[in-house]
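Coordinates in review
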Amino acid sequence: MTDLPARPAHLPARPYFSSGPCAKPPGWTPANLATESLGRSHRSKIGKARLQYSIDLMRELLKLPDTHRIGIVPGSDTGAFEMAMWTMLGAKPVTALAWESFGEGWVTDAVKQLKIDPTVLRADYGQLPDLNAVDWSNDVLFTWNGTTSGVRVPNADWIPADREGLSFADATSAVFAYDIDWAKIDVATFSWQKVLGGEGAHGVLILGPRAVERLESYTPAWPLPKVFRLVSKGKLTEGVFKGETINTPSMLAVEDAIAALEWAKTVGGAEGLIARSDANAAALDKIVADRTWLGHLAADPASRSKTSVCLTVEGADEAFIKAFAGLLEKEHAAYDIAGYRDAPAGLRIWCGATIDTADIVALGPWLDWAYASVKAI
């Protein structure tokens, strides 16, 4: 039997490496959440004020221009992106980019639900499609950061300023982790549960002026459920972007998001959040570089995620990864690090801003221990 390495002496202080919902901000405790809005109507004075405050904080931290609106909508990032698709697609031809499971999900929606026959540009897990091949006379759907493949677009340079179509960015693992050129984005969506470490169920929809123009000038051919309706009598329902949500939100989740946004300000705002993600990704990259049995699923560093980092494990199949991740969870060394179910067998380790770099560093010896332990079985 192969000699096993010694069990590491030090555990990560917070072994929460899940890629969604993600780790809470350092120092988080429910006792620190404001509770005055709980048990109150979201349409009360305090309810609307807290919803508006969360929007104001997001605008401040994202450095979002006044030309762009922010709305809190149902259904997490999925609900926000589908709301955008259902309300705006169909006016122009559509190009959909897919290099991981969520991008493929938008393709499925476009083909099977909306039946709009999009042009689809695909790439295998770990790769990007040819961004220069995108026809910007079309509306274009893409994920800024592919959470299940660890592959991201390198920047917004490939999006032309004079585009005819609208750019739709599923940015749920990208906001608060990358510097986004908002002039290039007509529609963006995300959820609090990713880089902010907030709770699930609520999505955020960001609309640029060209998206608003589309909403007010185009009526889709298909029926829209109530939770997708953003227009009344041909005009944008502005209240949605002032905290008057379409359906009842969880004020507890709103307060949790506010706490995360206020924490973000204490670490330097957007720049501080990006710096924390960068440091975490660099620490994990060093762990990978020092081990022959670990690799990056995204081979090109220019398009490698700094948040949802996906790793290959030499000789591993699905059963190996299940045992590997299960062993680390049992030891309280790392939670939820198995790769996404549709992705190639491997690991997925969240390196967003709510992770402390010291915990990434502490994870390295545990990865060695788990790898050797599973191989010895």
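The present account deals with the structure reproduced in this document. Counting restarts for each chain, with residues numbered from 1 along the sequence as it is written. Under the rules for a predicted model, residues below a pLDDT of 70 receive no local features and side-chain atom pairs below 80 are neither given nor counted, while totals for whole chains, interfaces and linings still include all residues. Derived side-chain values reflect all non-hydrogen atoms in the structure, with water molecules and hydrogen atoms excluded from consideration.

Thoughts on the sheet that holds strand β14 (residues 347-350)
Going by this rule: Each pair of strands is called paired provided DSSP finds at least two bridges between the two strands. Only runs of H or I of at least four residues qualify as helices and only runs of E of at least two qualify as strands under DSSP, and these elements are numbered from the N terminus. Each axis is a line fitted through C-alpha atoms, and for a helix only the stretch in contact is used; angles between axes span 0 to 180 degrees, taken between their N-to-C directions. By definition, residues are in contact when any of their heavy atoms lie within 4.5 Å.
The antiparallel open sheet is built from 3 strands, whose spatial order is β12-β13-β14. Only two strands of the sheet have a single neighbouring strand rather than two, namely β12 (294-296) and β14. For this sheet the average axis-to-axis angle between neighbouring strands, irrespective of direction, equals 35 degrees. Taken together, the 3 bridges between β12 and strand β13 (residues 308-313) define a ladder with antiparallel strand orientation. Bridge pairing in β13 links His 296 to Leu 311. Running at roughly 130 degrees to β12, helix α6 (residues 269-289) makes contact with β12, β13 and β14 of the sheet. Against the sheet, helix α8 (residues 357-375) contacts β12, β13 and β14, and its axis sits at roughly 165 degrees relative to β14.

What about a positive patch on the surface?
Worth spelling out the cut-off: Patches here are clusters of residues that have more than 30% relative accessible area and form no salt bridge, with a 9 Å joining cutoff for like charges and a 5 Å cutoff for nonpolar side chains (Val, Leu, Ile, Met, Phe, Trp, Tyr). Only the protein chains shown count as cover for residues, with accessible areas throughout obtained via the Shrake-Rupley method and a probe of 1.4 Å. One speaks of a salt bridge when a side-chain nitrogen belonging to Lys or Arg is within 4 Å of a carboxyl oxygen belonging to Asp or Glu. When charges are tallied, Lys and Arg are placed among the positive residues and Asp and Glu among the negative ones, while His and the ends of the chain are skipped. Charge placement uses NZ in Lys and CZ in Arg. For Asp and Glu, CG and CD serve respectively.
Taken together, the side chains of Arg 43, Lys 48, Lys 226 and Arg 229 define a basic patch exposed on the protein surface. Note that Lys 48 resides in helix α1 (residues 45-62).

Observations regarding the sheet that holds strand β3 (residues 119-122)
Taken together, the 7 strands give an open sheet; going across it, the order is β1-β9-β8-β7-β4-β2-β3, and neighbouring strands pair in mixed fashion. Only two strands of the sheet have a single partner each, and these edge strands are β1 (69-74) and β3. The sheet shows a mean angle of 20 degrees between the axes of neighbouring strands, direction not considered. Here strand β2 (residues 94-98) pairs with strand β4 (residues 139-143) via 3 bridges, running parallel. Note that in β4 the partner of Val 94 across the bridge is Asp 139.

Notes on the packing of α1 against helix α5 (residues 251-266)
Threshold: Left-handed describes a crossing whose near helix is turned anticlockwise from the far helix through less than a right angle; right-handed describes the clockwise counterpart. As a working rule, the residues Ala, Val, Leu, Ile, Met, Phe, Trp, Tyr, Cys and Pro are called nonpolar, Asp, Glu, Lys and Arg charged, and the rest polar, with Gly in that last group.
At a minimum axis distance of 10 Å, the contact between α1 and α5 shows a crossing angle of 35 degrees. Seen along the crossing, α1 lies across α5 with a hand that is left-handed. Contacts between α1 and α5 pair Gly 47, Arg 50, Leu 51, Tyr 53, Ser 54, Leu 57, Met 58, Glu 60 and Leu 61 from the former with Met 251, Val 254, Glu 255, Ile 258, Leu 261, Glu 262, Ala 264 and Lys 265 from the latter. Residues of the contact of α1 with α5, tallied by class, amount to 10 nonpolar, 2 polar and 5 charged.

Points about the pairing of β4
Convention followed: Only protein chains enter the calculation, and the probe is 1.4 Å; a residue is then buried if its accessible area is under 20% of its type maximum, exposed if over 50%, and partly exposed in between.
The element β4 is largely enclosed, with a buried count of 5 among its 5 residues. Residues of β4 alternate between two faces, with Asp 139, Leu 141 and Thr 143 on one and Val 140 and Phe 142 on the opposite face, all of them buried. Here β4 pairs with strand β7 (residues 167-170) via 4 bridges, running parallel. Paired with Val 140 across the bridge in β7 is Ser 167.

Some points on the nonpolar core
Note the cut-off: The definition of a nonpolar core used throughout is a set of buried Ala, Val, Leu, Ile, Met, Phe, Trp, Tyr and Cys residues joined through side-chain atoms within 4.5 Å.
Within the largest apolar cluster, 86 residues are counted, with the highest numbers of intra-cluster contacts made by Phe 142, Trp 144, Phe 176, Trp 192, Phe 324, Ile 337 and Leu 367. Counting residues per element, this core draws most heavily on α5, at 9 residues. Sequence-distant contacts of Trp 144, defined by excluding residues within four places in its chain, comprise Arg 152, Val 153, Asn 155, Ala 156, Asp 170, Ala 171, Ala 174, Tyr 178, Ile 180 and Ile 185. Counting residues in hydrophobic clusters, the runner-up holds 33 residues, among them Phe 81, Phe 168, Val 187 and Leu 207.

So, unusual backbone geometry
Note the cis peptide between Gly 20 and Pro 21, where omega equals -10 degrees. Considering the arrangement of structural elements, one finds Pro 21 in the segment before α1. Unlike most non-glycine residues, His 332 shows phi in positive territory, near 60 degrees. You can see His 332 is positioned in the loop between α7 (318-330) and β14.

Quick notes on α5
Our working rule: A helix is expected to span 1.5 Å multiplied by its residue count minus one.
Over its 16 residues, α5 extends 23 Å from the first C-alpha to the last, a length consistent with the 22 Å expected when each residue adds 1.5 Å. Those residues of α5 lying buried are Met 251, Ala 253, Val 254, Glu 255, Asp 256, Ala 257, Ile 258, Ala 260, Leu 261, Trp 263 and Ala 264. Each element contacted by the buried residues of α5 is listed here: α1, β9 (202-207) and α6. A positive phi of about 105 degrees marks Gly 268, the residue just after α5.

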